[in-house]
Amino acid sequence: MEHSTMLPQDLFTCSSLVVLKLKTYGDMNIVPTSVSLPSLRILHLFAISKALTDLFKGMSNVQFLHLNVLMLDIYMRDCQLPKFPNMTYLELGDVRDVRWKFLPELLENSPRLETLFSKR
């Protein structure tokens, strides 16, 4: 039996939300299709799935991003990497066994990136 969780729509259209930390497990459908987070500056994603594609589209102002690299590598097989025009700090976690094919595109899509940190 599939288990799906949807967080409240208001969370993803909150004009004052500045920090968001999301943990997803499996293919949870936690993000609605309409996302607008104009004030979001810090985002921590501990797992990435296709369900988070709409989240990426609605957060053009994020400045600090923490991503699980292994999940990003898997995400990139099916989805195009979004642009992060205001991101200055990127933290990549779980860098073991990653092919890094996404890194050139990620850097190109992050023109203001100043700090890239990777964790093991």
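Below: a short report on this structure.

Cut-offs used in this document
Residue indices begin from 1 for each chain and proceed along its sequence in written order. For a predicted model such as this one, the threshold for reporting local features is a pLDDT of at least 70, and the threshold for listing and counting side-chain atom pairs is 80 or more; totals across whole chains, interfaces and linings nevertheless cover every residue. Heavy atoms from the whole structure form the basis of all side-chain values; hydrogens and water molecules are not counted. Helix and strand assignments come from DSSP, with helices taken as H or I runs of at least 4 residues and strands as E runs of at least 2, each series counted from the N terminus. The classification of residues rests on relative accessible area computed with a 1.4 Å probe and restricted to protein chains. Under 20% of the type maximum is buried, over 50% is exposed, and intermediate values are partly exposed. Polar contact is the term for a pair of N or O atoms within 3.5 Å; when the atoms are in protein, one must be able to donate a hydrogen and the other to accept it, and sequence-neighboring residues count only if both atoms are side-chain atoms. For two strands to be treated as a pair, DSSP must find at least two bridges joining them. The definition of a nonpolar core used throughout is a set of buried Ala, Val, Leu, Ile, Met, Phe, Trp, Tyr and Cys residues joined through side-chain atoms within 4.5 Å. Here a residue-residue contact requires only that any non-hydrogen atoms of the pair lie within 4.5 Å.

We now examine the environment of Thr115. Tracing the chain through its elements places Thr115 in strand β5 (residues 115–118). On the basis of relative accessible area, Thr115 is assigned to the partly exposed category, the value being 34%. Sequence spacing of Thr115 and Met87 is 28 residues, and the spatial spacing of their C-alpha atoms is 9.4 Å.

So, about the side chain of His44. Tracing the chain through its elements places His44 in strand β2 (residues 42–45). Among the polar contacts made by the side chain of His44, one reaches the side chain of His66 at a distance of 3.3 Å.

Our next topic: the pairing of β2. Of the pairings in the sheet, the one linking strand β1 (residues 19–22) to β2 comprises 4 bridges and is parallel in character. Counterpart to Val19 in the pairing with β2 is Ile42.

Ranked by internal contacts, the top residues of the largest apolar core, which has 23 residues, are Leu20, Leu43, Leu55, Met59, Leu65, Phe84 and Leu106. Looking at this core, the elements that each hand over two or more residues are β1, β2, α1 (53–57), β3 (64–68), β4 (89–93) and α3 (103–108). Aside from chain neighbours lying at most four places away, what touches Leu20 is Phe12, Leu37, Leu40, Ile42, Leu43, His44 and Leu55.

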